[in-house]
Amino acid sequence: MSQNDSSPQSPPDRRPLIAFAWVWVGVPLAYGVYELVQKATQLFTG
Amino acid sequence: MSPPVAPAGWSRWLVPPAALSVHLSIGQAYAWSVFKPPLESALGLSGTQSALPFQLGIVMLGLSAAFGGTLVERNGPRWAMTVALICFSSGFLLSALGAVTEQYWLIVLGYGFVGGIGLGIGYISPVSTLIKWFPDRPGMATGIAIMGFGGGALIASPWSAQMLESFGSDSSGIALAFLVHGLSYAVFMTLGVLLVRVPRTEKPVEGAPSITSGPQVSARSAVRTPQFWCLWVVLCMNVTAGIGILEKAAPMITDFFKDSSTTVSASAAAGFVALLSAANMAGRIGWSSTSDLIGRKNIYRLYLGAGALMYLLIALVGDSSKPLFVLCALVILSFYGGGFATIPAYLKDLFGTYQVGAIHGRLLTAWSTAGVLGPLIVNWIADRQEEAGKSGSSLYTLSLFIMIGLLAIGFVANEFVRPVHSRHHIPAPREAADVAERQQSAESA
């Protein structure tokens, strides 16, 4: 077994991946919510 | 295919976006109505015919969730998400072919049958995995995913409408729109396939309960317990009552204030419908997360008990105040969404995590039943009342009282829910080993 295999390795930083994943789903959802709010305001203005 | 096990250091916060990428896509189903008028004019269809792909899709959702649940548990979430991606996207591609060749049966087959399988498998694909990653907050975790299903329609509705405006509403424009939908959703859902992982240990979170703590019941045994059928009634009644408002929201608010000084215009009624969608979505995440704090039985007492009270207020004094009417309807819709989102966590409490996805799939037949029952009751009664010469809010009084009755039935069913009897539990690994050992020594003696 090589030295690399036996030494404890810290797991990679997942924060960039977490941010990317949430932006991936968050942007379309925000678009949907924006369109919804635009339409919902018609209840008070229409 | 073996389930994808998370490597060391994998964050559980990667699993909700994986689930959302699937649910935000398949939630498009509720925006099908955008395609109806162009299809009717391009292919010469009636309203009933143009609704067929959606209706078949919802039927297939219920069937594939009910019968595919065990496969999803066995093969894991990545397999399930892959199947959902392939079916949902190829459903659109087949529909594109159907539109360009003007073969409507291909659209029904593609979107309704093939796409519908994607809806069902996709809907249950992340549930079990989310509950395993969030044993401390199962309501919140499944609430995020199931909120995505509501959010999917919010995204697809304006997006599809804009696409049809750009490509044109003739058969080739519709075909191009279907093609873009199929390809875009395939790319979007890929994130879920790539990111989803099952926890590597039974205790993915320090200080939280173990995944396998508490009683564990198989899907086959669960459907033989009274608890399963009590929850089936609870879900069916809650969804039927919600659909009671959703189905007739726009004409209802218009009729309620027809004779008042504050009449409701068509655009204001559309705004009311949009506001209900927001309440539905907010209820999914908000109430489901609250259930982690106050308990599942209590939250359903709220959905069903306070829901009945809201219906009663609408029936008795709804036409006297527009803000009161809107507020009551918003609360009812938030309970409707909450009921959907909290049910997986309720199932986990009763039956454990062992096959919770498969049990959830079987329970979704209550949704299919409610999807037929709700509109049937509301539309049939409204038509009869109109024939009887009634108008305004009195058109809906009988429907509203029927909804109160249904919610009361659901409330009673929830009160009957008790912990599952130990004869339905699967033996723990240690107990199973002991039983096997005893059997072996009995045989050799």
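Residues numbered from 1 in each chain as written. Chains lettered and ligands numbered in written order. Predicted model: local features only at pLDDT ≥ 70, side-chain atom pairs only at ≥ 80, totals over all residues. Heavy atoms only, no water.

Looking at an unreviewed UniProt entry, chain B carries the name OFA family MFS transporter, with the source organism given as Streptomyces justiciae. The UniProt entry for chain B carries this comment under Subcellular location (unreviewed entry): "Cell membrane". (UniProt positions renumbered as here; feature names shortened; annotations may be inferred.)

**Quick look at the overall build of chain A**
Within chain A, the secondary structure is distributed over three helices and zero strands. Shown N-terminal to C-terminal, the secondary structure of chain A runs as helices and strands in the order α-α-α. (Helix = DSSP H or I, 4+ residues; strand = E, 2+ residues; numbered from the N terminus.)

**Some remarks on the interface of chain B and chain A**
Every contact between the two is made by 37 residues of chain B and, on the other side, 22 residues of chain A. Here chain B packs against chain A, burying approximately 2400 Å² in sum over the two surfaces, 81% of which is carbon and sulfur. Here chain B and chain A share zero salt bridges between them. Taken together, the links from chain B to chain A amount to three residue pairs in polar contact (both at pLDDT 80 or more). Going through the elements one at a time, α1 (15-26), α7 (138-167), α8 (171-195) and α12 (266-294) of chain B are the ones with two or more residues in the side of chain B that touches chain A. When residues in the side of chain B that touches chain A are grouped by element, the largest group, 10 residues, is from α12 of chain B. Here the residues of the side of chain B that touches chain A are counted per class, giving 28 nonpolar, nine polar and no charged. (Contact = heavy atoms within 4.5 Å. Buried area = accessible area lost by both parts, 1.4 Å probe. Salt bridge = Lys/Arg side-chain N within 4 Å of Asp/Glu carboxyl O. Polar contact = N/O pair within 3.5 Å; in protein donor to acceptor, adjacent residues only side chain to side chain. Nonpolar A, V, L, I, M, F, W, Y, C, P; charged D, E, K, R; others polar.)

**Section: the pattern of salt bridges**
Residue and element names in this part refer to chain B. Counted according to the given criterion, the structure contains six salt bridges over all chains. For D136, the salt bridge identified is with R12, shortest N-O distance 2.9 Å. Pair noted here: D136 is in the loop between α6 (127-133) and α7 and R12 is in the segment before α1, with a separation of 124 residues, a long-range link. Close ionic contact of D292 with R296 constitutes a salt bridge, the shortest N to O distance being 2.7 Å. Accessibility expressed as a relative area gives 8% for R296, which makes it buried. Several salt bridges converge on common partners, so that one network encompasses D292, R296 and D349. (Buried < 20%, exposed > 50% of the residue type's maximum accessible area, 1.4 Å probe, protein only.)

**A closer look at the domain arrangement of chain B**
All names here are of chain B. Assigned domains of chain B: these are domain 1 (12-195) and domain 2 (219-424). The C-alpha centroid of domain 2 is placed 24 Å from the C-alpha centroid of domain 1. Every contact between the two is made by 29 residues of domain 1 and, on the other side, 27 residues of domain 2. Carbon and sulfur atoms supply 70% of the area that domain 1 and domain 2 bury against each other, a total of about 2300 Å² over both sides. (Domains from an automatic or database assignment.)

**Considerations on the side chain of T353 of chain B**
All names here are of chain B. Along the polypeptide, T353 turns up in the loop between α14 (322-351) and α15 (356-363). In this structure T353 comes out as buried when scored by relative accessible area, which is 4%. Ignoring sequence-local partners within four residues, the contact set of T353 consists of S128, I131, K132, I211, Q216 and K348.

**Overview of the state of the cysteines**
Residue and element names in this part refer to chain B. This model, assessed by the stated rule, comprises zero disulfides over all chains. No disulfide involves C230; its sulfur sits 13 Å from the nearest other cysteine sulfur, which is in C236. On the basis of relative accessibility, which here comes to 14%, the residue C230 falls in the buried class. (Disulfide = S-S within 2.5 Å.)

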